[in-house]
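Chain by chain, the residues:
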Amino acid sequence: MTEPVLEMRGVTKRFRVSGENSLFGKNFAAVRDVSIQVMPGETFGIVGESGCGKTTLVRLLMCIDRPTEGEIRFQGRRIDNIKEANRRALRPWFQMVFQDSGSSLNPRKRIADILREPMLYHGICDAASVDARVDKLLVQVGLTPAMRDRYPHEFSGGQRQRICIARALSLNPDVVILDEPVSALDVSVQAQILNLLRDLQERLGLTYVFIGHGLGAVHYMSHRIAVMYMGRVVEMGPSDTLFDRPAHPYTKALLDAAPVADVSLRGRQRVQMAGELDAQAARDGCPLLPRCPYARKGCETQGLELLEVDGRLTACGRMLELNDGLREER
């Protein structure tokens, strides 16, 4: 059986919050007891609303922050406890493509310099071969070597994101983390970037962690998806399974919140969450309890453990129970 390239085991990250009247008390868990496995060559999607803990999870995966509890492993080796002095060695393994391509590129440097410096710093290339490598990277992402001497402001948003992808690939990473890489782009450009990412994954054997709000993009890119709510993973499984037949009310609510082009589906029954996020509920029991329209007696002690149901892991399974095992048309 193939071993995961990246793994989190029971990871929790708490932050101290000052103030006696703080809503969260002395400590707030931005990520709670998360266990995921990212397999070689796959795209692992992470989806959830703002404030669900996606950014903290990414910082933990990149070893920017250390977990309060649990451990993180890369190719079987534990990396969350590595010393600060040795963290430089980790950087080529993990690269990241950010949402805002404009702010992630140095406006004072030419594209060639932006791509050269990481490779020279980490010893990927020497001075004699680095320019040829820069030209190859530009061609790989759909640009031309003639663009190498331009500055970032001379490119469109889609072209800048291609440059960011080239920079991520420059260090031959094992895992590329894509943090909403198309949400700031026009729809037509989004499709081009997503197709480029899929093509690069197929040709180079890349492993992606894809974080996003846009459910269409997450579904298109991901082999498996973890749905997060208030720092917890509430459902995880194959992309098509989650989208076609969600098992958790929050997953269903996320899907129902997306616009529907098919007029015949607009009158279907939707799950609607009541109220706002409740941090206290996130500490004591099922984090969705105060907002869930299907809550019942006993739910206050449930929702803390992922159980295998119908080919996926879910903290609830109420949607499958309510649908009586029937696939819901979307």
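Residues numbered from 1 in each chain as written. Predicted model: local features only at pLDDT ≥ 70, side-chain atom pairs only at ≥ 80, totals over all residues. Heavy atoms only, no water.

### A few points about the nonpolar core
Then, in step 1: Formed by 58 residues in total, the largest nonpolar core has its most connected members in Ile165, Tyr208 and Val227.
Then, in step 2: Apart from residues no more than four positions distant in its own chain, Ile165 is found in contact with Val97, Val141, Ile193, Leu196, Leu197 and Leu200. (Core = buried A, V, L, I, M, F, W, Y, C linked by side-chain atoms within 4.5 Å. Buried < 20%, exposed > 50% of the residue type's maximum accessible area, 1.4 Å probe, protein only. Contact = heavy atoms within 4.5 Å.)

### Observations regarding the packing of helix 4 (residues 157–169) against helix 5 (residues 187–204)
Then, in step 1: Relative orientation of the contacting elements helix 4 and helix 5 amounts to 20°, with a least axis distance of 10 Å. The angle between helix 4 and helix 5 places the two elements in the roughly parallel class. Of the two elements, helix 4 crosses helix 5, and the hand of that crossing is right-handed. Residue-level inspection shows Gly158, Gln161, Arg162, Ile165 and Leu169 of helix 4 in contact with helix 5, the latter providing Val189, Gln192, Ile193, Leu196, Leu197, Leu200 and Leu204. (Axes fitted to C-alpha atoms, helices over the stretch in contact; angles between N-to-C directions. Helix = DSSP H or I, 4+ residues; strand = E, 2+ residues; numbered from the N terminus. Parallel < 35°, antiparallel > 145°, perpendicular 65-115°, else oblique. Left-handed = near helix turned anticlockwise from the far one by under 90°.)

### A closer look at the pattern of salt bridges
Then, in step 1: Enumeration over the complete set of coordinates arrives at 19 salt bridges.
Then, in step 2: A salt bridge links Asp80 to Arg78; the shortest N-O distance between them is 2.9 Å.
Then, in step 3: With a closest N to O distance of 3.3 Å, Lys252 and Asp256 form a salt bridge. Within this pair, Lys252 and its partner Asp256 are both found in helix 8 (residues 249–257), separated by four residues, close to a single helical turn.
Then, in step 4: Using a relative accessible area of 2% as the deciding quantity, one classes Asp256 as buried.
Then, in step 5: Through salt bridges with shared partners, a single network forms among Glu7, Arg9, Glu71, Arg73, Arg78 and Asp80. (Salt bridge = Lys/Arg side-chain N within 4 Å of Asp/Glu carboxyl O.)

### Focus on the packing of aromatic side chains
Then, in step 1: As enumerated under the stated definition, the model contains three aromatic pairs in all.
Then, in step 2: Ring plane angle 55° and centroid distance 4.6 Å describe the contact between Tyr229 and Tyr250, whose orientation is recorded as tilted. Taken as a pair, Tyr229 in strand 9 (residues 224–229) and Tyr250 in helix 8 lie far apart in primary sequence, 21 residues in all. The two residues Tyr229 and Tyr250 agree in class, both being buried.
Then, in step 3: Three or more aromatic residues link up through ring pairs in this structure, and these residues are Phe74, Trp93 and Phe94.
Then, in step 4: The ring of Phe15 has Lys13 sitting right over it, with the charged end atom 5.2 Å from the ring centre.
Then, in step 5: The ring centre of Tyr220 lies 4.3 Å from the NZ or CZ of Arg198, which sits over that ring. (Phe/Tyr/Trp six-rings, centres within 6.5 Å; stacked < 30°, edge-to-face > 60°. Lys NZ or Arg CZ within 6 Å of the ring centre and 35° of its normal.)

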